Structures are given as C-alpha cells and as structure tokens.
Amino acid sequence: MKTLNTLKTLNTLKTVVTSEYFPASAVLSGVVIFWTLGLFGGLSLLSTSQTPLMTITWLLFVYGAAVLSPLAGVLAVADLVRRWRRNRHSRGGLPGGTASA
C-alpha cells in the first residue's frame, strides 16, 4: 500500500513538474516568497554587526533581487496568461485541438 501511494505521489509530482505552466509558476512563487520574507524582516542581516565587505555584498545581492524580482514576476505572469489564453483558444478552435492561424 505504501509503495502504491509513493508511486501515485511521484506520478503527480512528475505531472506538475512537466507541466508547461511550471517554470513560470516556480519563478512567480519565488518572487512572492522573497517579498513576503522581506516584509516579515528577512533583511535583518543588515542590523547585525558584519564586516564591511560582507555588508556590501549582502546589499548588492538584495539590491539586485529587489530590482530584478519584480521584472521576473511580471514576465512570469505574462507567460502564464499567454499560455492560458493559447490553451483556451486551442480548445475552442478546430477539431483535434488545433487553432486556425
């Protein structure tokens, strides 16, 4: 019974990971987690005593993440919407799931 549940879980995981929506969903989830952690004090490293080089490195990382993560989020949302619209259009298209050009 345990083996059957494990196989079912692995098949579900394989289906999710091989979905065309997975890459954009993973990026969007990462952006949301990053900003959520930031809102709840995930940037508290800056309030501790660190060497200047460590502080500058951390500031550059956070600056890069703060600048690039909204861009990544917008691109992920645009990709998800584009794929969803394409799939919705192809289901309503010609028989066999192909849409007219």
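What counts and how
- Residues numbered from 1 in each chain as written.
- Predicted model: local features only at pLDDT ≥ 70, side-chain atom pairs only at ≥ 80, totals over all residues.
- Heavy atoms only, no water.
- Salt bridge = Lys/Arg side-chain N within 4 Å of Asp/Glu carboxyl O.
- Helix = DSSP H or I, 4+ residues; strand = E, 2+ residues; numbered from the N terminus.
- Buried < 20%, exposed > 50% of the residue type's maximum accessible area, 1.4 Å probe, protein only.
- Phe/Tyr/Trp six-rings, centres within 6.5 Å; stacked < 30°, edge-to-face > 60°.
- Axes fitted to C-alpha atoms, helices over the stretch in contact; angles between N-to-C directions.
- Left-handed = near helix turned anticlockwise from the far one by under 90°.
- Contact = heavy atoms within 4.5 Å.
- Nonpolar A, V, L, I, M, F, W, Y, C, P; charged D, E, K, R; others polar.
- Expected span 1.5 Å × (residues − 1).
- Bend = angle between axes of the 7 residues up to and from the residue.

Draft legend 1. Up close: the pattern of salt bridges. Overall, the coordinates contain four salt bridges when judged by the stated rule. Among the salt bridges present, the one from arginine 86 reaches glutamate 20, with a minimum N-O distance of 2.5 Å. Taken together, the residues span a long stretch of sequence, with arginine 86 in helix α3 (residues 52-91) and glutamate 20 in the loop between α1 (2-17) and α2 (22-39) at a distance of 66 residues. Judged by its relative accessible area of 29%, glutamate 20 falls in the partly exposed class. One network of salt bridges, with partners in common, ties together Glu20, Asp79, Arg82, Arg83 and Arg86.

Draft legend 2. The arrangement of the packing of aromatic side chains in detail. Evaluation of the coordinates by the stated rule reveals two aromatic pairs. Between phenylalanine 34 and tryptophan 35 the ring centres are 5.5 Å apart and the planes differ by 85°, which places this aromatic pair in the edge-to-face class. Phenylalanine 34 sits in the partly exposed class, given a relative accessible area of 24%. For the pair tryptophan 58 and phenylalanine 61, a centre-to-centre distance of 5.4 Å together with 35° between the ring planes defines the contact as tilted.

Draft legend 3. Spatial organisation of the packing of α2 against α3. One can describe the packing of α2 onto α3 by two numbers: an axis separation of 8 Å at closest approach and a directional angle of 145°. For the pair α2 and α3, the sense of crossing is left-handed. Residues Ala24, Ser25, Val27, Leu28, Val31, Phe34 and Trp35 of α2 form the contact with α3, whose own contacting residues are Ala65, Ala66, Ser69, Pro70, Ala72, Gly73, Ala76, Val77, Asp79 and Leu80. Each residue belonging to the contact of α2 with α3 can be placed in one class, and the counts come to 13 nonpolar, three polar and one charged.

Draft legend 4. View of α3. Between its terminal C-alpha atoms α3 stretches 57 Å, which fits the 58 Å expected from 40 residues at 1.5 Å a residue. Its axis deflected by about 30° at leucine 68, α3 carries its strongest bend there, up to four residues before the proline proline 70. Three or more residues of α3 are buried, namely Val62, Ala65, Ser69, Gly73, Ala76, Asp79, Leu80, Arg83, Asn87 and Ser90. On its buried face, α3 sits against α2.

In short, shape yes, function no, at least from these values alone.
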